Amino acid sequence: MSERVIPLIDQRLRSRAVAVPARAIAATGLLGDALGRPLRDLRISVTDRCNFRCSYCMPKEVFDKDYQYLPHSALLSFEEITRVARLFAAHGVQKIRLTGGEPLLRKNLEILVEQLAALRTPEGRPLDITLTTNGSLLKKKAAQLKAAGLQRVTVSLDGLDDAVFRAMNDVDFPVADVLEGIAAARAAGLGPIKVNMVVKRGTNDDQILPMARHFKGTGVVLRFIEYMDVGATNGWRMDEVLPSADVVQRIARELPLVPLEPSAPGETAERWGYADGSGEIGVISSVTQAFCGDCNRARLSTEGQLYLCLFASEGHDLRHLIRGGASDDELSSAIASVWQQRSDRYSELRATLPPDAAGSGQRRVEMSYIGG
């Protein structure tokens, strides 16, 4: 086995200044990028902190007690986030997903949820407000979040075996507490709930069938995510990727599956239903089957950097406009200009690289910084 080298870098420092275009760009709700992809989904990171140390996201070797997180003054306030979200909605965003780090570590997050829930699309429809969490604080927060206007949650859970799960989160957190959080979310009406499992070959792939058996028939949608080459600190190697096709085959041998149609344009997961009608699973195959062609997602970091791809190497600095006196029209036009120039399609291009070269090239932003 080759030695892993985990570089100590701070990708947060890489960003481009965003200029206000000379000619205003009207918000019509139909904004397209350079490849004709519409803007429909905005993922907002509300904190760069997390209470887990999953090796594929925030390994202890880097995110230790001496790691310098962003100071609170650098973080966008709830009012600043809501202002930006309102402008994105005017350009066509229909869904907002709150992420982190672990978003429930952000104090009084329900206040932000309430503000975002009041936003409307150009057609007057409310936005789909969702949240991704590791579930550790969900039992305590689920009812408050639902009352504030949160509609759905996605919970990250990488195995049911307690020893495997404690090893994956690397802080000795018990799986039972996450399961209680999922139960609390269901009781609060935060559904349909999705559970995301990142699959690493040789680490937790023995949990695929136990997870499928556990959630089958519960109404929870279980999704399996290929271990991705995000950032530069997770020591990614191609030989630890278990292709989604193999995941589907493993499950189908015991629990027969039938293919389902995508639930929405730009959907990241390929859907499979249980043949007996007792629910569905999804597989997200960003390594082996690129879905860049209809990607409609933008990502806003916790301190106002706009990223156009999960695998981006730099962001676009909106904070200097937000805090520099730019009007709504100016900020809106700047956002539109950035999106119109977007041509990112990293997952498609990865396939043209030599084996394992994708994991050793240009440094990419950490997933813990902009969410999944």
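Residues numbered from 1 in each chain as written. Predicted model: local features only at pLDDT ≥ 70, side-chain atom pairs only at ≥ 80, totals over all residues. Heavy atoms only, no water.

(A) How the structure looks around the nonpolar core. Ile96, Leu98, Leu157, Phe224 and Ile251 are the most contacted members of the largest nonpolar core, which has 109 residues in total. Residues within four places of Leu98 in sequence aside, it is in contact with Ile44, Val46, Pro103, Leu109, Leu112, Val113, Leu116, Thr130, Leu131 and Thr132. (Core = buried A, V, L, I, M, F, W, Y, C linked by side-chain atoms within 4.5 Å. Buried < 20%, exposed > 50% of the residue type's maximum accessible area, 1.4 Å probe, protein only. Contact = heavy atoms within 4.5 Å.)

(B) Highlighting unusual backbone geometry. A cis amide bond, omega 15°, links Gly100 with the succeeding residue Gly101. Considering the arrangement of structural elements, one finds Gly101 in the loop between strand E3 (95-99) and helix H2 (109-117). Note that the residue after Gly191, namely Pro192, is joined by a cis bond; omega there is 5°. Structurally, the position occupied by Pro192 is in the loop between helix H5 (175-188) and strand E6 (194-199). (Helix = DSSP H or I, 4+ residues; strand = E, 2+ residues; numbered from the N terminus.)

(C) Layout of the state of the cysteines. In this structure the tally under the stated criterion is 0 disulfides. Free of any disulfide, Cys50 has its nearest neighbouring cysteine sulfur in Cys54, separated by 6.5 Å. Cys292 carries a free sulfur, and the closest cysteine sulfur to it, the one in Cys309, is 6.4 Å from it. Taking relative accessible area as the criterion, Cys292 reaches 9% and is therefore assigned buried. (Disulfide = S-S within 2.5 Å.)

(D) Quick look at helix H7 (residues 244-254). Within H7, burial applies to Ser244, Val247, Val248 and Ile251. Angularly, the buried residues of H7 cover 95° about the axis, an arc narrow enough to put them on a single face. (Arc of directions from axis to C-beta.)

(E) Spotlight on the packing of aromatic side chains. Applying the stated criterion across every chain, the model contains 4 aromatic pairs. A ring pair is formed by Phe52 and Phe173, whose centres lie 5.2 Å apart and whose planes are at 50°; its orientation type is tilted. You can see Phe52 sitting in the loop between strand E2 (41-45) and helix H1 (78-90) and its partner Phe173 sitting in the loop between helix H4 (162-169) and H5, a full 121 residues away along the chain. For Phe52, a relative accessible area of 4% translates into the label buried. The buried category is assigned to Phe173, whose relative accessible area is 17%. Measuring from centroid to centroid gives 4.6 Å for Phe63 and Tyr67, while their planes differ by 50°, and the two rings are tilted. Tyr67 carries the same exposure label as Phe63, and that label is buried. The structure contains a cluster of three or more aromatic residues connected by ring pairs, namely Phe52, Phe165 and Phe173. Above the plane of the ring of Tyr227 lies Lys200, whose end atom (NZ or CZ) is 4.7 Å from the centre. (Phe/Tyr/Trp six-rings, centres within 6.5 Å; stacked < 30°, edge-to-face > 60°. Lys NZ or Arg CZ within 6 Å of the ring centre and 35° of its normal.)

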